[in-house]
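A look at the structure
What follows is each chain in one-letter form.
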Amino acid sequence: MAEVFLKNFFKRYGEVVAVSDVSLHIHDKEFVVLVGPSGCGKSTTLRMIAGLEDITSGELYIGEKQVNEVAPKDRDIAMVFQNYALYPHMTVFQNMGFGLRLKKVPKKEIKERVEAAAEIVGLTPYLKRKPGTLSGGQRQRVALGRAIVRNPKVFLFDEPLSNLDAKLRVQMRMEISKLQRTLGVTTIYVTHDQTEAMSMADRIAVMKDGVLQQFDTPMHMYDHPANLFVAGFIGSPAMNMLPGKLDELKIFKDASGLFTLDLNGYLPSSIDAGEYVLGIRPENIRGDNRLNNPFYVPIQILADVVEPMGSDSYLYFKIGDISMTARLRPETAPQEQTAATLYIDRSKIHFFYAETGLNIKN
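Residues numbered from 1 in each chain as written. Predicted model: local features only at pLDDT ≥ 70, side-chain atom pairs only at ≥ 80, totals over all residues. Heavy atoms only, no water.

Thoughts on the environment of Gly287
Inspection of the secondary structure puts Gly287 in the loop between β15 (285–286) and β16 (296–302). Put simply, Gly287 and Thr332 are 45 residues apart on the chain and 4.9 Å apart in space, counted from C-alpha to C-alpha. Contact partners of Gly287, with chain neighbours within four places excluded, come to Leu328, Thr332, Thr341, Leu342 and Tyr343. (Helix = DSSP H or I, 4+ residues; strand = E, 2+ residues; numbered from the N terminus. Contact = heavy atoms within 4.5 Å.)

Structure follows, in structure tokens:
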């Protein structure tokens, strides 16, 4: 197996910079997810690692070897694509063994490796069938099996689950995670789905406009987002953001003047008065304070829409012109279009500089 080290990666198409100065150190056997909106540079970064795109500048190491000029087939990586990239005229067995056949691996060894991989991904009964007769999930397993038989140093996944329905995506992401832990292969996985990233990754790299925003473990990133973009991107429903001003007494007042929050004791003493953005996650807004928790402070709101989700209810309301979401226990959710009292957990607030968007704790 191998570490992967991206050092000062740049990718330019003429004057357009698709990837800007990205550096990542991915440990041996680690599962790293590159995540971000469309056009953020995550797939371009993956394709540079694979050798399918030239690196404009920067260095790429797989293991201890620099591979910038090494052909894709000689980088000892295996890539699983969004569209599976299977040959429709070949059987499952032939698809899984095709790469080995090109490398002139003996037929007996191909048979052994394909059958072993088919057992791992649950395809043993389907080896004689063609891809057109398989479900989407089974075709994805064929693509996984084809990667496994190569015994690569690194797995690369480019949005492999985006063509599957929601239920199958949940099942397949669990299977891929389990498979990666079993095989212990260093894995780099690209997705635009932050739920996939949170549930699968050892560490997540969040990208925006070709720039790396934060590289961290899922829970540390969730609890300590580096900036407003990461705070809004990671988490579902998204974090609520309220622009406003903080005075010398650590009293925060939102831009509308309708919302005031005493944050004395909840912010670093060194922070100055000025303009900031307060962030609060929907699950940190409560529908009651039966335990008289001193962290909780009441706010008066007008309930707009209540969306029952089974174990939770999402309450939508506004503070001034800013739309807000609270994730409540169903029994504490108010009726729509009624005045209600909610409670903000001050111990869970996030605070960002309005000018830079950076977290004050960075």
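That shown, we press on.
Some remarks on the sheet that holds β16
With antiparallel pairing, the three strands of this open sheet are ordered in space as β15-β20-β16. Both outer strands of the open sheet, β15 and β16, are each paired with one neighbouring strand and no more. Bridge count for β15 against strand β20 (residues 339–345) is two bridges, and the pairing is antiparallel. Within β20, the position partnered with Arg286 by the bridge is Tyr343. (Pairing = 2+ DSSP bridges.)

Some points on the domain arrangement of the protein
Domain parsing of the protein yields domain 1 (4–233) and domain 2 (240–353). Each of domain 1 and domain 2 has a C-alpha centre, and the two are 39 Å apart. Regarding the contact of domain 1 and domain 2, the summed buried area is about 610 Å², with carbon and sulfur atoms giving 62% of it. In terms of surface lost to domain 2, no three residues of domain 1 exceed Tyr222, Leu228 and Ala231, which account for 75% of the buried area on that side. (Domains from an automatic or database assignment. Buried area = accessible area lost by both parts, 1.4 Å probe.)

Some thoughts on the sheet that holds strand β19 (residues 322–328)
In space, the three strands of this open sheet follow the order β17-β18-β19, with antiparallel pairing throughout. Both outer strands of the open sheet, β17 (305–308) and β19, are each paired with one neighbouring strand and no more. This sheet shows a mean twist of 25° between the axes of neighbouring strands, independent of strand direction. In terms of strand pairing, strand β18 (residues 313–319) meets β19 through seven bridges, oriented antiparallel. When the sheet's bridge partners are listed, Tyr316 is paired in β19 with Thr325. (Axes fitted to C-alpha atoms, helices over the stretch in contact; angles between N-to-C directions.)

With respect to the layout of surface pockets
With a probe scaled to a water molecule rolled over the atoms, the places where space remains empty come into view. Taken as a whole, the largest pocket spans an internal volume of roughly 520 Å³. Considering the residues around the largest pocket, the lining is formed by 17 residues, among which Met79, Phe81, Gly99, Arg146 and Arg150 are closest to the centre. Breaking the lining of the largest pocket down by element, the ones donating at least two residues are β6 (77–80), α2 (92–102) and α4 (136–148). Taken together, the residues that form the lining of the largest pocket break down as twelve nonpolar, one polar and four charged. Empty space within the second largest pocket amounts to approximately 220 Å³. In terms of lining, the second largest pocket is formed by Tyr222, Asp223, His224, Arg281, Asn284, Ser347, Lys348, Ile349, His350, Phe351, Asn359 and Lys361. At the level of secondary structure, the elements contributing two or more residues to the lining of the second largest pocket comprise α7 (218–223) and β21 (350–353). Considered class by class, the residues forming the lining of the second largest pocket number three nonpolar, five polar and four charged. Each of domain 1 (4–233) and domain 2 (240–353) accounts for three or more of the residues forming the lining of the second largest pocket. (1 Å grid on protein atoms, 1.4 Å probe; cavity = no way out; pocket = protein on both sides within 12 Å on 5 of 7 lines; lining within 4 Å. Points joined across faces, edges and corners; volume = space filled by probe spheres on them. Nonpolar A, V, L, I, M, F, W, Y, C, P; charged D, E, K, R; others polar.)

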